[in-house]
Amino acid sequence: MRSIKTLLGSSLLALTLTAGHVVAAEKTAPIHFGDITWESGSFITEVLRLIVEKGYGYPTDTLPGSTVSLEAALAKNDIQVIGEEWAGRSPAWVKAAAEGKVFGLGDTVKGATEGWWVPEYVIKGDPERGIKPLAPELKSVADLPRYKDVFKDPEDPSRGRFLNSPTGWTSEIVNSQKLKAYALSDSFVNFRTGSGAALDAEVASSIKRGKPVLFYYWSPTPLLGRFKLVKLEEPPFDAEAWKTLADANNPNPKGTRSMPASLAIGVSAPFKAQYPELVTFFEKVDLPIDLLNQTLAGMSEKRQPPRQVAEAFLRDQPQVWKPWVPGDVANKVSGSL
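Residues numbered from 1 in each chain as written. Predicted model: local features only at pLDDT ≥ 70, side-chain atom pairs only at ≥ 80, totals over all residues. Heavy atoms only, no water.

**Brief notes about the overall build of the protein**
Then, in step 1: A tally of regular secondary structure across the protein gives 15 helices and eleven strands.
Then, in step 2: Over its C-alpha atoms, taken along the principal directions, the protein stretches across nearly 95 × 45 × 30 Å.
Then, in step 3: Taking all contacts inside the protein whose residues are at least 6 apart in sequence as the whole, residues at least 24 apart take part in 71%.
Then, in step 4: Roughly 16100 Å² of accessible area belongs to the protein as shown, and the carbon and sulfur atoms make up 55% of that amount.
Then, in step 5: When the 39 positive and 39 negative side-chain charges of the protein are each reduced to one mean point, those points stand 2 Å apart. (Helix = DSSP H or I, 4+ residues; strand = E, 2+ residues; numbered from the N terminus. Contact = heavy atoms within 4.5 Å. Areas by Shrake-Rupley, 256 points an atom, 1.4 Å probe, with all protein chains shown as cover. Lys, Arg positive; Asp, Glu negative; His and termini not counted. Charge placed at Lys NZ, Arg CZ, Asp CG, Glu CD.)

**Description of the environment of Lys208**
Then, in step 1: Turning to its location among the elements, Lys208 is positioned in helix H7 (residues 196-208).
Then, in step 2: Taking relative accessible area as the criterion, Lys208 reaches 58% and is therefore assigned exposed.
Then, in step 3: Sequence separation between Lys208 and Phe227 is 19 residues; the distance between their C-alpha atoms is 9.5 Å.
Then, in step 4: Look past the residues within four positions of Lys208 in its chain and what remains in contact with it is Arg129, Arg226 and Phe227. (Buried < 20%, exposed > 50% of the residue type's maximum accessible area, 1.4 Å probe, protein only.)

**With respect to empty space enclosed by the protein**
Then, in step 1: The tally for this structure, following the rule as stated, stands at one cavity of 30 Å³ or more.
Then, in step 2: For the largest cavity, the calculated volume is near 290 Å³.
Then, in step 3: Every element with two or more residues in the lining of the largest cavity is listed here: helix H3 (67-75), strand S3 (81-86), helix H6 (170-181) and strand S9 (214-219).
Then, in step 4: Of the residues contributing to the lining of the largest cavity, the split by class is nine nonpolar, five polar and five charged. (1 Å grid on protein atoms, 1.4 Å probe; cavity = no way out; pocket = protein on both sides within 12 Å on 5 of 7 lines; lining within 4 Å. Points joined across faces, edges and corners; volume = space filled by probe spheres on them. Nonpolar A, V, L, I, M, F, W, Y, C, P; charged D, E, K, R; others polar.)

**Section: the side chain of Gln80**
Then, in step 1: Along the chain, the position of Gln80 falls in the loop between H3 and S3.
Then, in step 2: Side-chain polar atoms of Gln80 contact the backbone nitrogen of His32, separated by 2.8 Å.
Then, in step 3: Within the structure, the side chain of Gln80 is placed 2.8 Å from the backbone oxygen of Asn77, a separation counted as a polar contact.
Then, in step 4: In this view, Gln80 contacts Pro30, Ile31, His32, Leu74, Gly266, Val267, Ser268 and Phe271; residues no more than four positions away in its chain are not counted. (Polar contact = N/O pair within 3.5 Å; in protein donor to acceptor, adjacent residues only side chain to side chain.)

**Looking at the environment of Met259**
Then, in step 1: For Met259, the position within the fold is in the loop between helix H9 (239-246) and strand S11 (263-268).
Then, in step 2: With 17 residues separating them in the primary sequence, Met259 and Trp242 have C-alpha atoms 7.1 Å apart.
Then, in step 3: Excluding its chain neighbours within four sequence positions, the residues that come into contact with Met259 are Gly88, Arg89, Phe237 and Trp242.

**Topic: the UniProt feature "domain: ABC-type glycine betaine transport system substrate-binding" (unreviewed entry) in the protein**
Then, in step 1: Sites flagged by UniProt as "domain: ABC-type glycine betaine transport system substrate-binding" (unreviewed entry) map to residues 30-315.
Then, in step 2: Secondary structure across residues 30-315 comprises 41% helix and 20% strand; the distance between its end C-alpha atoms is 25 Å. (UniProt positions renumbered as here; feature names shortened; annotations may be inferred.)

**Quick look at the environment of Glu283**
Then, in step 1: Positionally, Glu283 belongs in helix H11 (residues 276-284).
Then, in step 2: A sequence separation of 138 residues divides Glu283 from Pro145, and the C-alpha atoms of the two residues are 44 Å apart.
Then, in step 3: Here Glu283 is in contact with Leu105 and Gly106, once residues within four sequence places are set aside.

See the structure below:
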């Protein structure tokens, strides 16, 4: 009887130790963040990672992918966090959210926007640079056919060039559908840049040379912190029309300005259940858009890595981020810097 009790006790001890190892393994497994390629997303991701690592003690890493593939990975819990999620935009996100597989936490950047832009000098000119107005009456997308020669495509001079998002971004689908909806396909080339960095470089180069350029862009971004830009008017937002723009296969898209921006931190359902303290933290994240644009502008001009800029931000702007976390967590982060 004694040997049975001893054997039973040993078995229970072994099970307890095994369970402890499993829990420990779960705690030390890295939290996978989506490796976002645009500046604001990269910067926000690194701010979150630093606080999670230094303040809460959880290891993290990043996994690359396009917007569409990262949202799919989040729904499967292949990644756990997307640092900048434009919630409710893509059909994939809407479906996964309805099924309870993903959640958008917080209202991270108030006043975010997106649309089609031109440099201010295209409309008003710039006497200091000797630039005359080339499209003085350009106000909305409806005016663009009249000015296709202003934005002449170098490879197809009979049409203008519209700089779209990179392929794989949700906005690339929407913009391509908008070109059809606004009857601009015959007068403008749908030029897709290879990456977010390539789009930035193309726009910045044109502006520095005083050349006209028509492009999709969004805020928060470095460009809006560096240059004077004008956003073109579009029809008022219409939810039903938006569905036709978000669907790449819809043959008859209808024009509307983009859905009002709601920036959040995207997390998977298992993450939400496993890390309640991080969920509470994420729900409080609030980045002032003007400060964010200025920070991103400096990061772009100095060509600094997002991680380095995030560390400097945490050092220099404690009044912004300390209210997001408990005092002991804030002290750990500050001490690590």
